[in-house]
Each structure stands twice: as C-alpha cells, then as structure tokens.
Amino acid sequence: MEPPASGPERLFDAHRFPSDGFLLLALLLYAPVGLCLLLLRLFIGIHVFLVSCALPDSLLRRLGFIVRVMCSVLGLFVRQSDPHLRDANVRIYIANHVTHFDHSVINLLTSCNTPALNGTPGFICWSRGFMELGAVGSRAELVDSLKMYSSHGENPPLLLFPEEAATNGRVGLLRFSSWPFSILDMIQPVALQVQRPLIAVSVADSSWITELLWTFFVPFTVYQVRWMPPAFRQADEPNEEFALRVQELLAVELGVVSTRLTAADKAEHMKRLRHTPPHLFAPASSQSLVARPRVSPSLAGVGRLAPEDVRITELAQRVKEVLPHVSLGTIRRDLAQTNCVDTTIANLLEGQVPLLPEDKDPEHGLLAPSTSQTPAASSSQCPAASSSSKPSVKLFAKSPVERHLSLQERKHVLYAYARRRYTEKYGTPRGDESH
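Things to note about the environment of Ala 267
Next, step 1: In this structure, Ala 267 sits in helix H9 (residues 263–275).
Next, step 2: Residue Ala 267 is classed as partly exposed on the basis of its relative accessible area of 44%.
Next, step 3: Spatially, the C-alpha atoms of Ala 267 and Ala 165 are 9.2 Å apart, while their sequence positions differ by 102 residues.

Quick look at the structure:
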C-alpha cells in the first residue's frame, strides 16, 4: 500500500557516494583498484561486444553459459529464483525498473525484446539491446505495433517496464502505466532487485554511459531476478485496475510500497533538484537497503529523542534558519512526511503546508516577521527590497502586479527569498564570491 504522503525524493538517489565516513574511506582506499578494473573491463567489454555482433543470435543462445561468465568478468552477476515458474506460453513479461541494463540482464536468462520508447533509433539503440519499432507517433500506434508483434508466435516475448522510469528499488514502485496491460490478457511479473557495494546502484538523471563506467569500476553488481506466477485479466477488468493489481503483486514480492507517483513526478523532482541551491538539500545515504522508518510528528520533541528524532530536529533547524517565521512544530510535522529539507522549504513557500496558529499574523494572515532579526541586519538591506522582497504564501497577493505573476515566476521569487535568508545567516556562498 502507498504511505500517507510519500515524497519522490525517497524513491531516487540524488547522490552516488555514501554519506557514512567509514564507507567513504573504504571507497577512497578501493579507488586505485577500481580504476584498474575499469580499464581492464573496458578492454574486455569492447572485444566481447564485437564478438557478439559478429555471431548470430541463435549461436549466442546456445552459448548462454559462456556469455554469463563473460558478464561476470565485467562485474555483472545474475541470479534467478523459481525459474520453473517461467511460462513458455507467456508473451509479455512485466518488470520493475532499477537500472539502465535491466533488459539486458533478463535477456541473459530468457530470450525477450524490449521496445525502444525513448532515445534516437540507430546504432546506439541497437547496441544497447533495444528493439526498434520504427516511427510510432502515439501510444495507440505503439500498442497496435506491439499487438501485431505478439501475434506472431515465432517472435520472442516482450519485456516491458510500466514504471517508465528507474527508481532506487529500495522504497517503492512508481505507478504502472496502463498501456502495457492493454496488449494481451496474460502477463508474467518479474521482480528485480539490484545491489552493489560502496556506491548507489543508480543515480537519478544519470546517463547510461556513466552508469556503465561505474558498473565497471565497482567490484561487482548483483542482479536478483525472481519469477512470479502469470497474472490473468479478470472478467471486465479495465486496464488501469489490471495494472494496479500487478503493481501490488510486485510490491509485495519486493517488500516495498506501491505509490501513485509517476514518471512525470520524477521529471518534476529532477527539475527542482537542478534549479535549487545545493546547500538547501539534506544529504541522503545511498547505502540503506531499506526505507527509513517514518517518525510520527507527535513524537517530535517529546522525552528522550531517538536517533531519527534527532535527525528530524537537525533538519528542522536548517529549515528554521531559512524560514525563521515558521514554527518548529510546523517544520517538524512536514519533515516527518517528506524527510527532505528542500521539499519542506518548497511546501512552506508555496503554501502547501497548513500553518499553526502562532505562524500567522492575526491581522493579515501572512507569515509573521522574524523576531530574531536585529535592526542592524534589517537596515543593511536595500530600502526597496525590504518591503517587496519578502514573498507571501497566500495564493492571491494584494498587489495586482503580484497577482498576475505566473506560477513559475512566483516560485523563482520564493526560492530567491529563501536563498537570501540563508545568505544573511551564513554569508555569500562560494559560487557567488566572484560577484
């Protein structure tokens, strides 16, 4: 089931390196060995690729064991559970998406094709193991093409990823798109888990070539493939309900939650990461193989604090330094849901968090001015900025000019205000010293 308010930041790793000091030291000591492995595996990988291009697919299938051994030399170890559940009559496999190479790994175990939905068709698309469908203008045309492909029994089964975007595989699944479930009435779910030491399995918004180089750098990457029994469409079951049912089955098998976040939510989250100052982000550990336990807001600040409560309190203090007008109770309440400084600041600035009574000015209903700001600090600001640079969290401002600002412009103003408050606290960031 989906948690009450799961944020996208928990489903994706924004940082490749761990935040733990011991793991960072281990990574530093391993770096010379990793660089040697990277160069050696690049040399071997190029030769393996050239040989695989020269040999026909039928011969490669007969040499499957040798191919898997070569992949192990390159650092890719593939394991499978319950292979007897793989049904030869299934024409569509449905899997969760973790890395750029999921389709290649499953293709080592059984013959299947994954259509290229994104990217430019050509040599790169073919060399990565995707199937080109030609010019497909819409989802309806794509579904028709895949239906025609599946109707030919001699074609290998399809391998589809309904999430349409990769996650870290530890916390939850993105909402499944319904179009893969409109092709046929029988599918087979495939649960995929990926683990590697020292660094994150995948980093959001990272290119496939970058992930390939890091795969060659680490000692090994283990792919665990678990076959599940086939799932059939029930009588008069819509595509959306069929997709959600399969999503729940995969989530239970993987031990994660089934969220309602989509690939579009991931794209919006990555856009926010790129346009928000880096010092507003809370460091996230990329090595935790399970989701952090969520802390009830009612436990914050009560009795002896647990380690998670201490972390929430530290994050709340960082938000308080940027937005001193908001009470710690409101900040802690939202942090307990988001677990992210950036998301909480954005929620507070955009008015998505209900404020406690002490946060509101009884006369205007806006955020009250900070009582900790000294007169000298306020007088050092430009006179024009002192009256207009403080944004309001109200959806409709009193000024007609502010009311006609677009949503994007208001977001820029709010983020600029948060950045200015942080600069007043700690001085000009290094990136701005040249100005």
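Quick notes on the pattern of salt bridges
Next, step 1: Overall, the coordinates contain 8 salt bridges when judged by the stated rule.
Next, step 2: With a closest N to O distance of 3.0 Å, Asp 13 and Arg 170 form a salt bridge. Residue Asp 13 is located in the segment before helix H1 (21–54), and its partner Arg 170 is located in the loop between strand S5 (158–160) and strand S6 (172–173); the two are separated by 157 residues in the primary sequence. The two residues Asp 13 and Arg 170 agree in class, both being buried.
Next, step 3: Residues Arg 260 and Glu 248 are paired through a salt bridge, measuring 3.9 Å at the closest nitrogen-oxygen approach. With Arg 260 in the loop between strand S10 (257–258) and H9 and Glu 248 in helix H8 (residues 239–254), this residue pair connects regions lying 12 residues apart in the sequence.
Next, step 4: With relative accessibility at 32%, the residue Arg 260 sits in the partly exposed group.

Some thoughts on the pairing of strand S7 (residues 186–195)
Next, step 1: Counting buried residues in S7 gives 7 out of 10 residues, a clear majority hidden from the surface.
Next, step 2: The sheet contact formed by strand S2 (residues 92–95) and S7 spans 3 bridges and is parallel. Opposite Tyr 93, over in S7, you have Gln 188 as the bridge partner.
Next, step 3: Strand direction decides the pairing type here: S7 and strand S9 (residues 231–232), joined by 2 bridges, are antiparallel. Paired with Met 186 across the strands is Phe 232, a residue of S9.

A look at the packing of helix H11 (residues 328–338) against helix H12 (residues 341–349)
Next, step 1: Contact pair H11 / H12: the axes reach a minimum separation of 9 Å and the direction vectors enclose 125°. One finds that H11 runs oblique with respect to H12. Relative to H12, the crossing made by H11 is right-handed. Mapping the contact onto sequence places Thr 330, Ile 331, Asp 334, Leu 335 and Thr 338 in H11 and Val 341, Thr 343, Thr 344, Asn 347 and Leu 348 in H12.

Focus on the layout of surface pockets
Next, step 1: Of the pockets and cavities examined, the largest pocket occupies roughly 1,800 Å³.
Next, step 2: Lining the largest pocket are 48 residues; nearest its centre among them are Phe 49, Ser 52, Ser 104, Ser 127 and Arg 128.
Next, step 3: Elements that contribute at least two residues to the lining of the largest pocket include exactly H1, helix H2 (57–62), helix H3 (64–73), helix H4 (102–109), helix H5 (123–127), strand S4 (130–131) and helix H7 (208–217).
Next, step 4: The dominant element in the lining of the largest pocket, judged by the number of residues it contributes, is H1, at 9 residues.

So, H1
Next, step 1: If you check H1, its first and last C-alpha atoms are 46 Å apart, about what 34 residues at 1.5 Å a residue would give, namely 50 Å.
Next, step 2: Along H1, the sharpest change in direction is near 50° and occurs at Ala 31; proline Pro 32 comes one to four residues later.
Next, step 3: Listed in full, the buried residues belonging to H1 are Leu 27, Tyr 30, Gly 34, Leu 38, Arg 41 and Gly 45.

Quick look at the side chain of Arg 41
Next, step 1: Structurally, Arg 41 is set in helix H1.
Next, step 2: Look at Arg 41: it is buried, it has no salt bridge, and the nearest opposite charge is Glu 211 at 13 Å.
Next, step 3: Not counting the four nearest positions on each side in its chain, Arg 41 is found in contact with Val 73, Leu 74, Gly 75, Thr 215, Phe 216, Val 218 and Pro 219.

Here's the deal with the pairing of S2
Next, step 1: Covered by surrounding structure in S2 are Ile 92 and Ile 94 together with Tyr 93 and Ala 95, the residues of both alternating faces.
Next, step 2: Looking at chain direction, S2 and S5 are connected through 3 bridges and run parallel. Paired with Ile 92 across the bridge in S5 is Leu 158.

Structural notes on the side chain of Arg 16
Next, step 1: Relative to the assigned elements, Arg 16 resides in the segment before H1.
Next, step 2: Judged by relative accessible area, which is 11%, Arg 16 ranks as buried.
Next, step 3: Within the local environment of Arg 16, its side chain forms a polar contact with the side chain of Ser 206, the two groups lying 3.2 Å apart.

Remarks on H4
Next, step 1: Along H4, the residues classified as buried are Asp 102, His 103, Val 105, Ile 106 and Leu 109. Angular distribution of buried residues about the axis of H4 spans 160°; they occupy a single face of the element.

Description of the packing of aromatic side chains
Next, step 1: Overall, the coordinates contain 7 aromatic pairs when judged by the stated rule.
Next, step 2: Seen from their ring centres, Tyr 30 and Phe 217 are 5.5 Å apart, and the 80° between their planes marks the pair as edge-to-face. Of the two residues, Tyr 30 is situated in helix H1 and Phe 217 in helix H7; the sequence distance between them amounts to 187 residues. This pair shows no difference in class: Tyr 30 is buried, exactly as Phe 217 is.
Next, step 3: Seen in terms of ring centroids, Phe 77 and Phe 220 are 6.4 Å apart; in terms of plane orientation they differ by 85°. Their pairing is edge-to-face. In this pair, Phe 77 sits in strand S1 (residues 76–81) while Phe 220 sits in the loop between H7 and strand S8 (221–227), placing the two residues 143 residues apart along the sequence.
Next, step 4: Residue class for Phe 220 comes out partly exposed when judged on its relative accessible area of 35%.

What counts and how
Residues numbered from 1 in each chain as written. Predicted model: local features only at pLDDT ≥ 70, side-chain atom pairs only at ≥ 80, totals over all residues. Heavy atoms only, no water. Helix = DSSP H or I, 4+ residues; strand = E, 2+ residues; numbered from the N terminus. Buried < 20%, exposed > 50% of the residue type's maximum accessible area, 1.4 Å probe, protein only. Salt bridge = Lys/Arg side-chain N within 4 Å of Asp/Glu carboxyl O. Pairing = 2+ DSSP bridges. Axes fitted to C-alpha atoms, helices over the stretch in contact; angles between N-to-C directions. Parallel < 35°, antiparallel > 145°, perpendicular 65-115°, else oblique. Left-handed = near helix turned anticlockwise from the far one by under 90°. Contact = heavy atoms within 4.5 Å. 1 Å grid on protein atoms, 1.4 Å probe; cavity = no way out; pocket = protein on both sides within 12 Å on 5 of 7 lines; lining within 4 Å. Points joined across faces, edges and corners; volume = space filled by probe spheres on them. Expected span 1.5 Å × (residues − 1). Bend = angle between axes of the 7 residues up to and from the residue. Lys, Arg positive; Asp, Glu negative; His and termini not counted. Polar contact = N/O pair within 3.5 Å; in protein donor to acceptor, adjacent residues only side chain to side chain. Arc of directions from axis to C-beta. Phe/Tyr/Trp six-rings, centres within 6.5 Å; stacked < 30°, edge-to-face > 60°.

The values reported here are purely geometric and, on their own, carry no functional implication.
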